[in-house]
Amino acid sequence: MHRGLRLFLIRHAESSANQTPHTISGQSNHVTLTPRGMTQATVLGAHLGHHRMKFDHVWTSPAVRTMTTSSLCLEAMNKAGGTCHQASLHGEDPRLLEIDMGDWVGKARTEVYSEDVLERIKQDPWRFSPPGGESQQQVEERMMSFVQDKVLPLAADPLAPSAPGQQPDPVHVAIFGHGFAIKCFMRHILESSAVHTWKIAINNTSVTELRWTMAHGWHLERLNDTAHLQQHTSELYKQS
């Protein structure tokens, strides 16, 4: 019997790169969380724990900001009543990294996005890539490769309950990743135009949840959920 799947896509907390939005950062795997970002990650974990969340399997991208977010979030989640055992942590996978912006990293957006570049993006947003960087297509393909290789096979977990009439619990998987990479994954799930990928909001520590079953495939349950941040606004603004 197939268990089915609940997939939680969690964007990293605020990083130092998020404080300079007019500069292109791309992967920038070395950047760290801000003090407010560390609070965001802890608040998310406490919120998940309060709702008795459990994660059976967890992966992160190799970027410092996602690994730190994962560590702080899961520690707080376990303390608040959630469940994520050490054996559930599977480490990092480079397929979960943010889009590589190549030679544009560190440059001002106003310097890079000329009328000519914007027209080229408009003509083919799916395949356009900056010099030495990645396209939407490449990011989406590696994200889907990870999910197909590592995540979907878990939905057929042989340990699922098989008592007559008993519906097995779906396996819970969390991926701590990046804004645009999650957007590319969602574009695939929603089968939307590549023009619309940028129009999907994925904020820091937001939770996007999907369900997958053998019978019905993917269904979006919630997108860019940041209720935990709204409940702790005063605490977070102390860190700004």
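These numbers come from a predicted model, not from an experiment. (Residues numbered from 1 in each chain as written. Predicted model: local features only at pLDDT ≥ 70, side-chain atom pairs only at ≥ 80, totals over all residues. Heavy atoms only, no water.)

**Here we look at the packing of aromatic side chains**
If you walk through the whole model with that rule in mind, you get six aromatic pairs. Judged by centre distance (5.8 Å) and plane angle (40°), the ring pair of phenylalanine 180 and tryptophan 198 falls under tilted. Residue phenylalanine 180 is found in helix α6 (residues 179-190), and its partner tryptophan 198 is found in the loop between α6 and β5 (207-213); the two are separated by 18 residues along the sequence. A relative accessible area of 12% places phenylalanine 180 in the buried class. By the ring-pair criterion, three or more aromatic residues cluster together here, those being Trp104, Tyr113 and Phe128. (Phe/Tyr/Trp six-rings, centres within 6.5 Å; stacked < 30°, edge-to-face > 60°. Helix = DSSP H or I, 4+ residues; strand = E, 2+ residues; numbered from the N terminus. Buried < 20%, exposed > 50% of the residue type's maximum accessible area, 1.4 Å probe, protein only.)

**Digging into the pairing of strand β1 (residues 5-11)**
Counting buried positions along β1 yields seven of seven residues, so the element is predominantly enclosed. Both faces of β1 are covered, namely the face carrying Leu5, Leu7, Leu9 and Arg11 and the face carrying Arg6, Phe8 and Ile10. Pairing analysis gives seven bridges linking β1 to strand β4 (residues 171-177), with the strands arranged parallel. Note that in β4 the partner of leucine 7 across the bridge is valine 173. Sheet analysis places β1 next to β5, joined by six bridges and oriented antiparallel. In the sheet register, leucine 7 faces β5, and the bridge partner there is leucine 210. (Pairing = 2+ DSSP bridges.)

**A few points about the environment of histidine 219**
Tracing the backbone shows histidine 219 in strand β6 (residues 217-225). Separated by 80 residues in sequence, histidine 219 and valine 139 have C-alpha atoms that sit 21 Å apart. When neighbours within four sequence positions are excluded, histidine 219 is seen to be in contact with Glu209, Leu210 and Arg211. (Contact = heavy atoms within 4.5 Å.)

**A word on the layout of surface pockets**
Looking at the largest pocket, its volume works out to about 920 Å³. Glu98, Ile99, Arg109, Phe180 and Trp198 are, among the 40 residues lining the largest pocket, the residues nearest its centre. Going through the elements one at a time, α4 (115-123) and α6 are the ones with two or more residues in the lining of the largest pocket. The residue inventory of the lining of the largest pocket, partitioned by class, reads 18 nonpolar, 15 polar and seven charged. (1 Å grid on protein atoms, 1.4 Å probe; cavity = no way out; pocket = protein on both sides within 12 Å on 5 of 7 lines; lining within 4 Å. Points joined across faces, edges and corners; volume = space filled by probe spheres on them. Nonpolar A, V, L, I, M, F, W, Y, C, P; charged D, E, K, R; others polar.)

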